[in-house]
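Listed below, chain by chain, are the residues.
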Amino acid sequence: MKIRVYYEDTDIGGVVYYANYLKFCERARSNLFFEKGITPHQENEFFVVKKVEADYIKSATFADILEVTSEVLSKKGATVEIFHKIFRGEELLFEAKIMLVYLKNNKPSRIPKEILEIF
């Protein structure tokens, strides 16, 4: 997924604020669902982030065009683990391993087959 860095994504120095890299990853995950014509959030069923391991390698800046890649590392039971990378051209800026847990009625629940297939 391509993302342009807007002024609102940056701090006072024009550098992408650290938390926004996680937002960019969230957008890429949501986009996986949108591309299939569905939403990642149903009335009482949705994913939440359980664990994040992030590595900030280089800074993105105002007006950069970034590419977010997503690779599924594992799918089992109620969890999905995704490895995201953010690039500016060929240059790796950020990477994160993010574990998601599927909740139904606010309790961990087995991920339905049709949702697993999206990953």
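Please read all numbers here as calculations on a predicted model, not as lab measurements.

What counts as what
- Residues numbered from 1 in each chain as written.
- Predicted model: local features only at pLDDT ≥ 70, side-chain atom pairs only at ≥ 80, totals over all residues.
- Heavy atoms only, no water.
- 1 Å grid on protein atoms, 1.4 Å probe; cavity = no way out; pocket = protein on both sides within 12 Å on 5 of 7 lines; lining within 4 Å.
- Points joined across faces, edges and corners; volume = space filled by probe spheres on them.
- Helix = DSSP H or I, 4+ residues; strand = E, 2+ residues; numbered from the N terminus.
- Nonpolar A, V, L, I, M, F, W, Y, C, P; charged D, E, K, R; others polar.
- Polar contact = N/O pair within 3.5 Å; in protein donor to acceptor, adjacent residues only side chain to side chain.
- Buried < 20%, exposed > 50% of the residue type's maximum accessible area, 1.4 Å probe, protein only.
- Lys, Arg positive; Asp, Glu negative; His and termini not counted.
- Salt bridge = Lys/Arg side-chain N within 4 Å of Asp/Glu carboxyl O.
- Contact = heavy atoms within 4.5 Å.
- Expected span 1.5 Å × (residues − 1).

> Just checking my understanding: could you explain empty space enclosed by the protein for this structure?
Applying the stated criterion across every chain yields a total of one cavity of 30 Å³ or more. Roughly 40 Å³ of volume is contained in the largest cavity. Element by element, the count of residues in the lining of the largest cavity is highest for strand 2 (residues 45-56), at three residues. Residues belonging to the lining of the largest cavity are distributed by class as follows: six nonpolar, two polar and one charged.

> Help me out: how do you make sense of the side chain of arginine 29 in this one?
By the element assignment, arginine 29 lies in helix 1 (residues 18-34). One polar contact links arginine 29 to glutamate 26, side chain to side chain, over a distance of 2.4 Å.

> Before we go on, may I ask you to explain the side chain of aspartate 9 in this structure?
Inspection of the secondary structure puts aspartate 9 in the loop between strand 1 (2-4) and helix 1. Buried charge aspartate 9 goes without a salt bridge, the closest partner of opposite sign being arginine 27 at 4.3 Å. The contacts of aspartate 9, once residues within four sequence positions are left out, are Arg4, Val15, Val16, Tyr17, Asn20, Phe24 and Arg27.

> I'm lost on helix 1 in this one. Help?
The α-helix winds at 3.6 residues per turn, so residues separated by three or four positions along the chain end up facing the same way. Taking 1.5 Å per residue as the helical rise, helix 1 with its 17 residues ought to reach 24 Å, and the 25 Å between its terminal C-alpha atoms agrees with that figure. All buried positions along helix 1 are accounted for by Asn20, Tyr21, Phe24, Cys25, Ala28, Arg29, Ser30 and Phe33. On its buried face, helix 1 is in contact with strand 1, strand 2, strand 3 (65-76), strand 4 (79-88), strand 5 (91-104) and helix 2 (113-116).

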